[in-house]
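An overview of the molecular structure
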Amino acid sequence: TAARRQPGSAITPFLYLAALEGGIRPVDLVDNREADFALGGGQTWRPENHDGSETDPIPLWMALEQSSNLAAAHLLSAIGPEALAEMAEAAGLYPDGME
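An account of the accompanying structure is given in this report. Residues take numbers from 1 onward in each chain, read along the sequence in its written order. At least 70 in pLDDT is required for a residue's local features to be given in this predicted model, at least 80 for side-chain atom pairs to be given and counted, and no such filter applies to totals for whole chains, interfaces and linings, which use all residues. The basis for every side-chain value is the complete set of heavy atoms in the structure, and neither hydrogens nor water enter the calculation.

Focus: the side chain of Asn32
Under the scheme used here, helices are H or I runs from DSSP no shorter than 4 residues and strands are E runs no shorter than 2 residues, and both carry numbers assigned from the N terminus. By the secondary structure assignment, Asn32 is in strand 1 (residues 29-32). Judged by relative accessible area, which is 1%, Asn32 ranks as buried. Pairing of N or O atoms within 3.5 Å defines a polar contact, subject to two protein rules: one partner must be a possible hydrogen donor and the other a possible acceptor, and residues neighboring in sequence count only if both atoms are side-chain atoms. Among the polar contacts made by the side chain of Asn32, one reaches the side chain of Thr55 at a distance of 2.8 Å. Contacts: residue pairs with any heavy atoms within 4.5 Å of one another. Residue contacts for Asn32: discarding those within four places in its chain leaves Asn49, Glu54, Thr55, Asp56, Pro57, Ile58, Ser68, Leu70 and Ala71. In this scheme, a residue with accessible area under 20% of its type's maximum is buried, one over 50% is exposed, and one in between is partly exposed, where area comes from a 1.4 Å probe on protein chains only.

Structure below.
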């Protein structure tokens, strides 16, 4: 597509691939509620879904299908940013490493 995308949209496929490679199955449930995530330095991040919705946990496949920002944030918290970075680097997305 030629549409402008948020930077997170470009990395999302690697997040889900890292989760699958790490043993999370498409039918496994992922939290889809708002939460605060620690960023370091005392800062927090509170993502939202594009439509402001939140739900009970949803299957991984549905989180991907719905492009849920909340589920992606919880998924990243579960697998760790290192797993995402390794997957993106292995695919050649960041040849000099992610920072």
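Remarks on the pairing of strand 2 (residues 37-40)
Pairing between strand 2 and strand 3 (residues 43-45): three bridges, direction antiparallel. By the bridge assignment for strand 3, Gly40 is matched with Gln43. Count of turn residues in the strand 2/strand 3 antiparallel hairpin: two residues, of which Gly41 carries a positive phi of about 65°. We call two strands paired when DSSP finds no fewer than two bridges between them.

Quick notes on the environment of Ala88
As for its placement among the helices and strands, Ala88 is situated in helix 4 (residues 81-90). Placed 75 residues apart in sequence, Ala88 and Pro13 show a C-alpha to C-alpha distance of 9.1 Å.

With respect to the side chain of Ser68
Within the secondary structure layout, Ser68 lies in the loop between helix 2 (60-66) and helix 3 (69-79). The residues touching Ser68, leaving out its near neighbours within four places in the chain, are Tyr16, Asn32, Asn49, Ile58 and Ala63.

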